[in-house]
Each structure stands twice: as structure tokens, then as C-alpha cells.
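# Tertiary structure, described
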Amino acid sequence: MQINYKHEQIHFTFVLLLKHRIMKDLMRIQCLISQDIETLLNQQIKKEAHSSSLYLSMSSWCDQNGYDFSADYFLKQSEEERVHQLKLFKYVLDMGGNAISPEVSGIKTDFAGFREVFEDALEAEIAITQSFKNIAAKCHKEQDFVTMEFLNWFLKEQREEEYKARRALELFEVIGEEGTGRWEIDKHVNKINYSEA
Ligand SMILES: [Fe+2]
Ligand SMILES: [Fe+2]
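Another aspect to go through is the coordination of the iron ion (ligand 1). Around a metal, the perfect tetrahedron of four donors has angles of 109.5 degrees, and the perfect octahedron of six donors has angles of 90 or 180 degrees. Donor atoms from the polypeptide that coordinate the iron ion (ligand 1) comprise Glu-48 (OE), Glu-81 (OE) and His-84 (ND1), at 2.1 to 2.2 Å from the metal. Here the iron ion (ligand 2) and the iron ion (ligand 1) are spaced 3.4 Å from one another, each receiving a donor from Glu-81. Here the residue Glu-48 occupies a position in helix α2 (residues 35–64), and Glu-81 occupies one in helix α3 (residues 68–94), the gap between them amounting to 33 residues. Neither Glu-48 nor Glu-81 differs from the other in exposure class; each is buried.

Shown next, in the form of C-alpha cells:
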């Protein structure tokens, strides 16, 4: 009797596990991206949210230190990063995945000087480009051409983002920080434009 009971239990557990497995498989069938790609995209959503908050922090620092044009520039950058975040978020959902609303913490609020803000901005953009390249490499490996096509927009966008960050830092070299230098640099930051042609 005892043996039969145990047997029933094992059978019941097995059926439950099987059901769970089938449910999981069904959910995956509905999802058009792999678990790995979904994880990478969710990590990217978090990185874009982090970028958006970091630029907001830079905008605040610039405003409080009298660099109004740069404050404006970083505010716009912050908005752009939010758009990037939502673009990725929507893609994950459209592909039947689970888009995760990210927690963002550890945002730098104090900067040693005006130049450091731009150095940090360039460093952050280079890291983001690398991150997209890693996702693209994974897509190639998996032959996920649909996500690859989606990522092309971001890879192109990074060209512009890195250009602008580099150009801003160049202003420190070209104009120089002495005298009214920083004031001049600030005036030029908002005029940085990228055109492909
Ligand atoms: Fe971005
Ligand atoms: Fe960016």
C-alpha cells in the first residue's frame, strides 16, 4: 500500500513537471527571441536607463556650475537615452518576451570639473557601443537576423553619439580652458551637430 502511494506521488510529480515543461516550451514558442538574447536586451534596457539618469545628473551639475548650454545639451541627451530604453523595451515585448523595468542606482552626482563631465560622457558612450557590438555578435552566432536588423539602428546611432562626445572633448583642446575658455566651450557644446554626408 505504502509503495503504491509513493508510486502515485512520483507519477503525480512527473505529470506536474511535464506540464510545467510543456507550458515553458509553449511560452518559448510564442517568444521569437532566445532566452540569451532576451537577457542581453534587458541588460541593455537597464544600461540605457542608467545613461539617461547619468546625463540628467550631468545636466544638473552643469546648471549649478553656470554652464547653461551644456546643461541643456545633457538634458537632451538624457531624453534620447530614455527613447533608446523604450525602443528596446517595446521590441522585447513585441517579440513575445518579458521586458523588465530596470532599477537604476549608483549615479555619479559630483564631478571634479567641467572637463570631467565630458570625459565621463565619452567613456559611457564607448561602453554602450561595445555593449551593442556584443549583442550583435550573439545575434550573428544564433543567426537571429531579425534582432540584428533591429540593432542596426542603434549601431548607427552610436556613431553619432560617440562623434558628439568626442567633438565636445575636442573643444577643450581647441579653445582651451584658461580665461573665458570654459564659457566659450559651453557656448559651443550646444551647437555640436552630426551629419553623415
Ligand atoms: Fe543610448
Ligand atoms: Fe548615448
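A few words now on the coordination of the iron ion (ligand 2). Only Glu-81 (OE), Glu-125 (OE), Glu-125 (OE) and Glu-161 (OE) from the protein coordinate the iron ion (ligand 2), and they sit 1.9 to 2.6 Å from it. Residue Glu-125 is classed as buried on the basis of its relative accessible area, which comes to 3%.

Looking now at the packing of helix α4 (residues 114–142) against helix α5 (residues 145–175). For any two helices packed against each other, one specifies the inter-axial angle together with the distance between the axes. At their nearest, the axes of α4 and α5 sit 9 Å apart, and the two run at 160° to each other. Considered as vectors, α4 and α5 are oriented roughly antiparallel to each other. Read as a crossing pair, α4 and α5 show a hand that is left-handed. Residues of the contact of α4 with α5, tallied by class, amount to 18 nonpolar, four polar and eight charged.

Our focus in this paragraph is the side chain of Glu-81. It turns out Glu-81 is buried and unbridged, and the closest side chain with the opposite charge, Lys-164, is 8.6 Å from it. Beyond its immediate sequence surroundings of up to four residues, Glu-81 is in contact with Glu-48, Ser-51, Ser-52, Tyr-55, Glu-125 and Glu-161.

Before going further, it helps to spend a moment on unusual backbone geometry. Notably, Gln-143 is not glycine yet its phi reads approximately 55°, a positive angle. Of note, Gln-143 is situated in the loop between α4 and α5.

Looking now at the packing of aromatic side chains. Counted under the stated rule, the structure contains 14 aromatic pairs. For the ring pair Phe-114 and Phe-118, a centre distance of 5.3 Å and an interplane angle of 85° mean the geometry is edge-to-face. On the criterion of helical spacing, the pair formed by Phe-114 and Phe-118 is a turn pair, its members being four residues apart in helix α4. Judged by its relative accessible area of 3%, Phe-114 is buried. The class of Phe-118 is buried, set by a relative accessible area of 2%. Centroid distance Trp-153 to Phe-154: 5.0 Å. Interplanar angle 85°. Geometry classified as edge-to-face. Trp-153 sits in the partly exposed class, given a relative accessible area of 36%. Of the residues examined, Phe-154 reaches a relative accessible area of 1% and is grouped as buried. Taken together, the aromatic side chains of Tyr-55, Trp-61, Tyr-67, Tyr-73, Phe-74, Phe-111, Phe-114, Phe-118 and Phe-172 make up a single cluster linked through ring pairs.

Rules of the game
Residues numbered from 1 in each chain as written. Chains lettered and ligands numbered in written order. Predicted model: local features only at pLDDT ≥ 70, side-chain atom pairs only at ≥ 80, totals over all residues. Heavy atoms only, no water. Donors = N, O, S within 2.8 Å, 3.2 Å for Na, K, Ca; no water. Helix = DSSP H or I, 4+ residues; strand = E, 2+ residues; numbered from the N terminus. Buried < 20%, exposed > 50% of the residue type's maximum accessible area, 1.4 Å probe, protein only. Axes fitted to C-alpha atoms, helices over the stretch in contact; angles between N-to-C directions. Parallel < 35°, antiparallel > 145°, perpendicular 65-115°, else oblique. Left-handed = near helix turned anticlockwise from the far one by under 90°. Nonpolar A, V, L, I, M, F, W, Y, C, P; charged D, E, K, R; others polar. Lys, Arg positive; Asp, Glu negative; His and termini not counted. Salt bridge = Lys/Arg side-chain N within 4 Å of Asp/Glu carboxyl O. Contact = heavy atoms within 4.5 Å. Phe/Tyr/Trp six-rings, centres within 6.5 Å; stacked < 30°, edge-to-face > 60°.

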